[in-house]
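Residue-level structure breakdown
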Amino acid sequence: MSEKPTKHTKVLIIGSGPAGYTAAVYAARAMLKPMLVAGMQPGGQLTITTDVENYPGFADVIQGPWLMEQMREQAKAVGTDLVEDHIQSVNLKSKPFEAIGDGGQKYTADSIIISTGAQARWLNIESEEKFKGFGVSACATCDGFFFKDKTVAVVGGGNAAVEEAMFLTKFASKVQLIHRRNQLRAEKLLQKKLMENKKIEIIWDSVVEEVIGDDEPKNVKGLKIKNTKTNEMSELKIDGLFIAIGHDPATSLFKDQLEMDNTGYLITKSDSTETNVPGVYAAGDVKDKIFRQAVTAAGMGCMAALEAEKYLASN
């Protein structure tokens, strides 16, 4: 089998979501002819989000997959080379930078924008998968609004879980926080606020075994939970379930090549998307564990493209 010819680009964008597509739009309009490698889940986390009400510019509710399709078409229209491949290794020590795709295709680039995103951790039970987007969510800021005056449960015990539970009290009439241990990992100040909130009930030493609901129309009705100390099973009546057990950034590709924090998020310079390797930028959820919104990811994609343009001009 003959080797495929190497593909070279001034700007290689790894990953497609609001960050990657926005970076592509800005880089293409700067005449940099960017190449975007879409990865395993083209469009990223928004492709598994149904109703989007908080993306600026749309008065009516839009669908996550549709929004990503539009961004993709826009990136293409302004001149992005869209590639269906998955990068499996990179070498950031070489000049130009090198990346190898799944099928052995080699890419070289003068600059790289990393927008590989993050995935919410799930419980990985069958019934959870079944009701994803139909009452089971991993984002309270995205979906809390749909549970006005209803009962919801949050699974987790860290800062994210406590913050999600607090946020959900704005809409839900009751929030039950389910935690597998008998104490929370969240900051003490957050815990204090949580305990003082009348709408929140904590269910200690418990894990979710099954999500119960209807098939037609699909919706969540309750949970089967198990006490981790007594193994006793019980049922809860709820209308929605929020999983808040953390996110995993897709950064294994860059291990030992780029600076990351202790949870694997890429570290960038202050007010910048530049990593510790000049010419390599990180945008979106791959570096942002605080906001994690489509609009902030898009904003960072824009920043990364502008920074890459400046870098290329001066080199």
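To keep things clear, this report deals only with the structure shown in the data block. (Residues numbered from 1 in each chain as written. Predicted model: local features only at pLDDT ≥ 70, side-chain atom pairs only at ≥ 80, totals over all residues. Heavy atoms only, no water.)

1. Quick notes on the layout of surface pockets
For the second largest pocket, the calculated volume is near 270 Å³. Leu-123, Val-155, Gly-156, Arg-180 and Ile-245 are, among the 14 residues lining the second largest pocket, the residues nearest its centre. The element that contributes the greatest number of residues to the lining of the second largest pocket is strand 14 (residues 206–214), accounting for three residues. Tallied by class, the residues present in the lining of the second largest pocket amount to eight nonpolar, four polar and two charged. (1 Å grid on protein atoms, 1.4 Å probe; cavity = no way out; pocket = protein on both sides within 12 Å on 5 of 7 lines; lining within 4 Å. Points joined across faces, edges and corners; volume = space filled by probe spheres on them. Helix = DSSP H or I, 4+ residues; strand = E, 2+ residues; numbered from the N terminus. Nonpolar A, V, L, I, M, F, W, Y, C, P; charged D, E, K, R; others polar.)

2. Here we look at unusual backbone geometry
Backbone torsion omega between Lys-95 and Pro-96 reads -5 degrees, so that peptide bond is classified as cis. Residue Pro-217 is bonded to the preceding Glu-216 through a cis peptide linkage, with omega at -15 degrees. For Pro-217, the location among the structural elements is in the loop between strand 14 and strand 15 (219–227). Backbone geometry places Arg-292, a non-glycine residue, at a positive phi of 50 degrees. Looking at the element boundaries, Arg-292 is found in the loop between strand 19 (280–282) and helix 7 (294–314). Its relative accessible area of 26% is what places Arg-292 among the partly exposed residues. (Buried < 20%, exposed > 50% of the residue type's maximum accessible area, 1.4 Å probe, protein only.)

3. Topic: the pairing of strand 6 (residues 87–91)
As paired strands, strand 6 and strand 7 (residues 97–101) are joined by four bridges and run antiparallel to one another. Across the sheet, the residue bridging to Asn-91 is Glu-98, located in strand 7. Where strand 6 folds back onto strand 7 in an antiparallel hairpin, the turn is made up of five residues. (Pairing = 2+ DSSP bridges.)

4. Some remarks on the sheet that holds strand 14
A sheet is described by the order of its strands in space; here three strands give the open sequence 14-15-16, paired in antiparallel fashion. Only two strands of the sheet have a single partner each, and these edge strands are strand 14 and strand 16 (233–237). The mean inter-strand angle of the sheet, taken between neighbouring strand axes irrespective of direction, is 25 degrees. One ladder, built from eight bridges, connects strand 14 with strand 15; its direction is antiparallel. Bridge pairing in strand 15 links Asp-214 to Asn-219. (Axes fitted to C-alpha atoms, helices over the stretch in contact; angles between N-to-C directions.)

5. Focus on empty space enclosed by the protein
Inspection of every chain in the model, using the stated rule, returns one cavity of 30 Å³ or more. One number sums up the size of the largest cavity: a volume of about 30 Å³. Every residue along the wall of the largest cavity is listed here: Tyr-21, Leu-36, Ala-38, Arg-72, Leu-82, Val-83 and Glu-84.

6. A look at the packing of aromatic side chains
As enumerated under the stated definition, the model contains seven aromatic pairs in all. Ring centres of Tyr-281 and Tyr-311 lie 6.5 Å apart, and the angle between their planes is 70 degrees; this geometry places the pair in the edge-to-face category. One end of the pair, Tyr-281, is in strand 19; the other, Tyr-311, is in helix 7, with 30 residues separating them in the sequence. Neither residue differs from the other here; Tyr-281 and Tyr-311 are each classed as buried. The rings of Phe-145, Phe-146, Phe-167 and Phe-171 are connected pair by pair, giving a single aromatic cluster. Sitting over the face of the ring of Trp-122, Lys-132 holds its NZ or CZ atom 4.1 Å from the ring centroid. (Phe/Tyr/Trp six-rings, centres within 6.5 Å; stacked < 30°, edge-to-face > 60°. Lys NZ or Arg CZ within 6 Å of the ring centre and 35° of its normal.)

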